[in-house]
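Descriptive analysis of the structure
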Amino acid sequence: MIEFKPLRLEDRATIERYTLPSDIRNCDLAFANMYCWQGVYHSAWAEVEGFLVIRFHIDGGPRIGYMQPVGPGDFAKIVPALHEDAHTHGQRLRLIGLTDEGCRMIRDMHRGEFAFASDRALEDYIYNAEELRTLPGRRYQPKRNHINRFRTEYPDYRYEELTPERHAECMALEREWRRTHEGHTSELCAEQRAMQRAFEHFDALGLHGGCLYASQRLAAFTYGSAVNETTFVTHVEKADTAFEGAFTVINKLFAEHLPARFTKINREEDLGIEGLRHAKLSYHPAELLRKYTAIHLHDDEAACKELWRETFGDDEAFIDAFLIRHYDRRRMLSVEREGRLAAMLHLLPFDSEAGPVDYIYGVATAAEYRNRGLASQLLREALRQTDARGATALLIPTPGEPWLRGFYGRFGFEGAVPVTFRTPDGFDFGTGDPATDVAMVRLHNPAAPLPEKLECRKQEK
């Protein structure tokens, strides 16, 4: 049994004994970040066989996750202990924030037991600190132009270290910024609480910050902390948008004032926000730090993965993305023979302008069980369920196998309707080539005309 302890200020030295000497650059493992967001994620920590393990609540909800263990050597040996801890909470093991090397460790020791996926919105932006300090070359000319215009308009500007007496005016600026971003109220309130906690324990958390003043007003402020000996994480950067160019100026000045030992600056993720992504890319990151999630597979998921790979030949990343984000055991119809998965069919609900749609997807039969009518058996059951909920059924016959059109035609499917799929994560439910995403359709109302096209929007699991 692992004894996890809630994160306290006095734990900083013990935790940073693992993180600071490591090559971990994940912003989520900066002690100040974990402590300040404790109210949302309820992070706890433990030492397990020479590794630091952080357990937290994913998105502040009931599911728990474990950050990639930090310590020298191969952490895969402690995965069974983490699996047992998750099991005591009635959950499967979810490992979060894995590096490429972390994924390799798990695959090597626990082959076939996990699915892996990454989310572009959660990748950390890592920059060369010297470039943010100097903005060299032609590609940074627009940034230098912004700074020059700011200096011309506000010749009295000054940079000051963020010290306790400036915390109140920083929070006032943040409140004004939050007032103009009402569309994200819940997230920003959580951020405000995290900032208040940071200011209450600024020095104890090892935070460093800076303030930009112009026309005798606070124009911008920022702060962050070290995640390891050479990488600094910028946790917060706020500016009064009335001061055009303030973000660019505070960014450069803060980088200039960081200790020289920090050769990399992590400016955290963009959360999929288009404007934020554009802004972060405009500073030309040296690296987008991919952070993987590994989920321990249930037996049915592992069987699905094995049959999918055998039948379709898709790469592991594609199969894993489906399993993690879209698989639903309630929607997989299956036939077992001799203790193994012999055939499967996924019945996935979508919304469309024409009403509810059931997409028949991933129909597969193991080689040794083909030509026994198993796919037909599953298809009949799928259509029974589709009819019961008043939906239209559609499927995309595999390109290059025209015989499938005849097979599905016997079940009432017809036509060649162009179809597109919209999902929050951009998962490609088509063929990989939009030109061949042409569906056969079986209408709930057979007297209705076939649609000219279909746009299907993914429902939540």
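First, a word on scope: everything that follows refers to the structure included in this document. (Residues numbered from 1 in each chain as written. Predicted model: local features only at pLDDT ≥ 70, side-chain atom pairs only at ≥ 80, totals over all residues. Heavy atoms only, no water.)

A look at the packing of aromatic side chains
- Counted by the stated rule, this structure contains 35 aromatic pairs.
- When the ring of F322 is compared with that of F427, the centres are 6.2 Å apart and the planes differ by 40 degrees; the resulting orientation is tilted. Residue F322 is found in helix α13 (residues 316-325), and its partner F427 is found in the loop between β19 (414-422) and β20 (438-442); the two are separated by 105 residues along the sequence. F427 matches F322 in its accessibility class, with the two residues each being buried.
- In this structure an aromatic cluster arises from ring pairing among W308, F312, F318, F322, F350, Y359, Y361, F421, F427 and F429. (Phe/Tyr/Trp six-rings, centres within 6.5 Å; stacked < 30°, edge-to-face > 60°. Helix = DSSP H or I, 4+ residues; strand = E, 2+ residues; numbered from the N terminus. Buried < 20%, exposed > 50% of the residue type's maximum accessible area, 1.4 Å probe, protein only.)

Quick word on the sheet that holds strand β7 (residues 124-128)
- Spatially, β8-β9-β10-β11-β12-β7-β13 is the arrangement adopted by the seven strands of the open sheet, whose pairing is mixed. Each having just a single partner strand, β8 (158-161) and β13 (287-289) make up the two edges of the open sheet. Put simply, the sheet's adjacent strands are angled 30 degrees from each other on average, direction ignored.
- By the bridge criterion, three bridges tie β7 to β13 in an arrangement that is antiparallel. Looking across to β13, one finds that I126 is bridged to E287.
- Most of the contacts of helix α8 (residues 167-179) go to strand β10 (residues 217-226), to which it runs at about 105 degrees, and overall it touches β9 (208-214), β10 and β11 (231-239).
- Contacting β8, β9, β10, β11 and β12 (264-266), helix α10 (residues 246-257) runs over the sheet at an angle of about 135 degrees to β9. (Pairing = 2+ DSSP bridges. Axes fitted to C-alpha atoms, helices over the stretch in contact; angles between N-to-C directions. Contact = heavy atoms within 4.5 Å.)

Digging into empty space enclosed by the protein
- Under the counting rule described, the total for this entry stands at one cavity of 30 Å³ or more.
- By volume, the largest cavity amounts to about 50 Å³.
- Taken together, L132, T222, T234, E237, N251, F254, A255, L258, I265 and R267 form the lining of the largest cavity.
- At the level of elements, β11 and α10 are the ones that each hand at least two residues to the lining of the largest cavity.
- Per element, the largest residue contribution to the lining of the largest cavity is three residues, and it comes from α10.
- In the lining of the largest cavity, the residues fall into five nonpolar, three polar and two charged. (1 Å grid on protein atoms, 1.4 Å probe; cavity = no way out; pocket = protein on both sides within 12 Å on 5 of 7 lines; lining within 4 Å. Points joined across faces, edges and corners; volume = space filled by probe spheres on them. Nonpolar A, V, L, I, M, F, W, Y, C, P; charged D, E, K, R; others polar.)

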